[in-house]
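Listed below, chain by chain, are the residues.
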Amino acid sequence: KTVTLATKPDMSAAPAANISGKWTMMADAGGQQIEVAMDLKQTGGSFDGSMSSHLGAGTIDKGTVAGKSVSGVMRVDMNGQAMEIQMVGTIDGETMSGSLVGAGLPPIVFTASKVK
């Protein structure tokens, strides 16, 4: 079988989207759908914000938008335990999709849409 390594997104490109605003994310954690509300503020190619779900709330920082690629770090207090979750995705208009990666977490894919 042929194995192809995924190419990392070019995080040096100029932002092709503005992700400022409120978003609703649906994260698929091993078949369990978790709804996450995000409020993001973008300045140039950087963004930060806040997030909350029924599992916990936190902040989003170290966010970058380059071309249609987005990445950031979610710092979440989940049931009294501090967690750091890396968010990597792609923006397509008013939708976003990608993955969430954190220590001890199963692979999590997400889709998000901008709240109108």
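Residues numbered from 1 in each chain as written. Predicted model: local features only at pLDDT ≥ 70, side-chain atom pairs only at ≥ 80, totals over all residues. Heavy atoms only, no water.

### Some thoughts on the overall build of the protein chain
Phase 1: Broken down by element type, the protein chain carries zero helices and eight strands.
Phase 2: Along the protein chain, from the amino end to the carboxyl end, the secondary structure elements read β-β-β-β-β-β-β-β.
Phase 3: Surface exposure of the protein chain reaches about 6800 Å², of which carbon and sulfur atoms provide 55%. (Helix = DSSP H or I, 4+ residues; strand = E, 2+ residues; numbered from the N terminus. Areas by Shrake-Rupley, 256 points an atom, 1.4 Å probe, with all protein chains shown as cover.)

### Digging into the sheet that holds strand β1 (residues 21-29)
Phase 1: Pairing is antiparallel around the closed barrel formed by eight strands, whose spatial order is β1-β2-β3-β4-β5-β6-β7-β8. Recorded for the sheet is a direction-independent mean angle of 30 degrees between the axes of neighbouring strands.
Phase 2: With nine bridges connecting them, β1 and strand β2 (residues 32-43) associate as antiparallel partners. Residue pairing in the sheet places tryptophan 23 in a bridge with methionine 38 of β2. (Pairing = 2+ DSSP bridges. Axes fitted to C-alpha atoms, helices over the stretch in contact; angles between N-to-C directions.)

### Points about the layout of surface pockets
Phase 1: For the largest pocket, the calculated volume is near 220 Å³.
Phase 2: Considering the residues around the largest pocket, the lining is formed by 17 residues, among which Ile34, Leu55, Met78, Ile85 and Ile108 are closest to the centre.
Phase 3: Elements supplying a minimum of two residues to the lining of the largest pocket: β1, β2, β3 (46-53) and β5 (69-78).
Phase 4: By residue class, the composition of the lining of the largest pocket is 14 nonpolar, three polar and no charged. (1 Å grid on protein atoms, 1.4 Å probe; cavity = no way out; pocket = protein on both sides within 12 Å on 5 of 7 lines; lining within 4 Å. Points joined across faces, edges and corners; volume = space filled by probe spheres on them. Nonpolar A, V, L, I, M, F, W, Y, C, P; charged D, E, K, R; others polar.)

### Considering the pattern of salt bridges
Phase 1: According to the stated counting rule, one finds four salt bridges in the structure shown.
Phase 2: Lysine 22 serves as the salt-bridge partner of aspartate 39, at 3.1 Å between the closest nitrogen and oxygen. One end of the pair, aspartate 39, is in strand β2; the other, lysine 22, is in strand β1, and 17 residues separate them in sequence.
Phase 3: Residue aspartate 39 is classed as partly exposed on the basis of its relative accessible area of 34%.
Phase 4: Of the charged contacts in the structure, one is a salt bridge between glutamate 84 and arginine 75, with a shortest N-O distance of 2.4 Å.
Phase 5: A relative accessible area of 27% places arginine 75 in the partly exposed class.
Phase 6: Among the charged side chains, a salt-bridge network with shared partners connects Asp61, Arg75 and Glu84. (Salt bridge = Lys/Arg side-chain N within 4 Å of Asp/Glu carboxyl O. Buried < 20%, exposed > 50% of the residue type's maximum accessible area, 1.4 Å probe, protein only.)

### Here's the deal with unusual backbone geometry
Phase 1: One non-glycine residue, lysine 62, adopts positive backbone phi at about 55 degrees.
Phase 2: With respect to the helices and strands, lysine 62 occurs in strand β4 (residues 56-66).
Phase 3: The class for lysine 62 is exposed, based on a relative accessible area of 63%.

### Details of the pairing of β2
Along any regular strand, the residues point their side chains to alternate faces of the sheet.
Phase 1: Joining the antiparallel neighbours β1 and β2 is a turn of two residues, in which glycine 30 adopts a positive phi near 60 degrees.
Phase 2: The sheet contact formed by β2 and β3 spans seven bridges and is antiparallel. Of the residues in β3, the one forming a bridge with leucine 40 is glycine 49.
Phase 3: The antiparallel hairpin formed by β2 and β3 contains two residues in its connecting segment, where glycine 44 sits at a positive phi of about 65 degrees.

### Describing the pairing of β1
Phase 1: Alignment of β1 against strand β8 (residues 108-114), held across seven bridges, turns out to be antiparallel. Within β8, the residue paired with alanine 27 across the bridge is phenylalanine 110.

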